[in-house]
Amino acid sequence: MSQRCTLHLYVNGNRYTIDTEARTTLADALRNECRLTGTHLGCEHGVCGACTVLLDGQPVRSCLMFAAQAEGVSIRTVEGLAPDRDNLHPVQQAFWESHAVQCGFCTPGFLCLLVGLLEEAPDSGIDDIRDALSANLCRCTGYQSIVNAAIAAQRRMRELGSESDR
Ligand code: FES
Ligand code: FES
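Right, let's walk through the structure included here. This is a predicted model, so every value here is computed, not measured. (Residues numbered from 1 in each chain as written. Chains lettered and ligands numbered in written order. Predicted model: local features only at pLDDT ≥ 70, side-chain atom pairs only at ≥ 80, totals over all residues. Heavy atoms only, no water.)

1. A look at the overall build of the protein chain
Then, number 1: If you tally the helices and strands in the protein chain, you get five helices and five strands.
Then, number 2: For the C-alpha atoms alone, the extent of the protein chain along its principal axes is close to 55 × 40 × 25 Å.
Then, number 3: Taking the contacts inside the protein chain whose residues are at least 6 apart along the sequence as the reference set, 55% of them involve residues at least 24 apart.
Then, number 4: Summing over all exposed atoms, the protein chain offers an accessible surface of approximately 9,000 Å²; the carbon and sulfur share of this is 48%. (Helix = DSSP H or I, 4+ residues; strand = E, 2+ residues; numbered from the N terminus. Contact = heavy atoms within 4.5 Å. Areas by Shrake-Rupley, 256 points an atom, 1.4 Å probe, with all protein chains shown as cover.)

As structure tokens, this is what we get:
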């Protein structure tokens, strides 16, 4: 019989108490227990990055860790990126405006990846951005539109930062 456990997960500012198997991955817990299905599963073995979420601001592959390992950590998924219901996060806005989405399967992972990078290292150069983006796979866009979106998002986040400093 598989071992079960009760976990408390803090996701997008909300507390979820779940009863699950000890072997449940964070990705499965988010999708199946918390009903946050914006986190996608592609390869399920750490290659594609579709399952990327932010743990204490750091992008991680949620298919590669147990949900139990995320207890006590602030988890942010694609559902938690936008500041409110009426506004997108600058990275989401830039993806929309730069046509960086086709089928959209990879998009939640790319959004979390880029939010993590640009919030942690707002002065990242183009090589840093390209290097970070190389962690995730996209079958559709050819990547250039995603790079364009990243540059546009970085510019907008800088503008918003300087507006809030005034
Ligand atoms: Fe996690 Fe592919 S589903 S890296
Ligand atoms: Fe289809 Fe990236 S938009 S996999």
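2. What about the sheet that holds strand E1 (residues 4-11)?
In a beta sheet, neighbouring strands pair by backbone hydrogen bonds and run either parallel or antiparallel.
Then, number 1: The sheet built from five strands is open, its strands ordered E2-E1-E5-E3-E4 with mixed pairing. Of all the strands in the sheet, the pair left with one neighbour each is strand E2 (14-21) and strand E4 (58-61). The mean angle between the axes of side-by-side strands here comes to 45°, regardless of whether they run parallel or antiparallel.
Then, number 2: As defined by bridge partners, E1 adjoins E2 across eight bridges and the pair is classed as antiparallel. Each residue of the ladder has a partner; that of Leu9, found in E2, is Tyr16.
Then, number 3: Contacts between helix H1 (residues 26-33) and the sheet are confined to E1, E2, strand E3 (52-55) and strand E5 (74-76), with E2 contributing the most and set at about 110° to the helix. (Pairing = 2+ DSSP bridges. Axes fitted to C-alpha atoms, helices over the stretch in contact; angles between N-to-C directions.)

3. Quick look at the pairing of E1
Then, number 1: Burial along E1 is one-sided: Cys5, Leu7, Leu9 and Val11 are buried, while Arg4, Thr6, His8 and Tyr10, pointing the other way, are not.
Then, number 2: Where E1 folds back on E2, the antiparallel hairpin that results is connected by two residues, among which Asn12 adopts a positive phi of roughly 50°.
Then, number 3: By the bridge criterion, two bridges tie E1 to E5 in an arrangement that is parallel. Pairing of Val11 across the sheet is with Ile75, part of E5. (Buried < 20%, exposed > 50% of the residue type's maximum accessible area, 1.4 Å probe, protein only.)

4. Quick notes on the side chain of Gln154
Then, number 1: Note that Gln154 resides in helix H5 (residues 144-165).
Then, number 2: Of note is the side chain of Gln154, whose polar atom sits 2.9 Å from the backbone oxygen of Pro122. (Polar contact = N/O pair within 3.5 Å; in protein donor to acceptor, adjacent residues only side chain to side chain.)

5. Re H1
Then, number 1: Among the residues of H1, those classed as buried are Leu26, Ala27, Ala29 and Leu30.
Then, number 2: Residues of H1 that are buried in the fold lie against E1, E2, E3 and E5.
Then, number 3: Just past H1, the residue Arg35 takes up positive phi, approximately 60°.

6. Remarks on the pattern of salt bridges
Then, number 1: For the structure shown, the criterion picks out five salt bridges.
Then, number 2: Its salt-bridge partner being Glu21, residue Arg23 comes within 2.6 Å of it at the nearest N-O pair.
Then, number 3: On the accessibility criterion, Arg23 (58% relative accessible area) is exposed.
Then, number 4: Linking Glu159 and Arg156 is a salt bridge whose minimum nitrogen-to-oxygen distance equals 3.1 Å. (Salt bridge = Lys/Arg side-chain N within 4 Å of Asp/Glu carboxyl O.)

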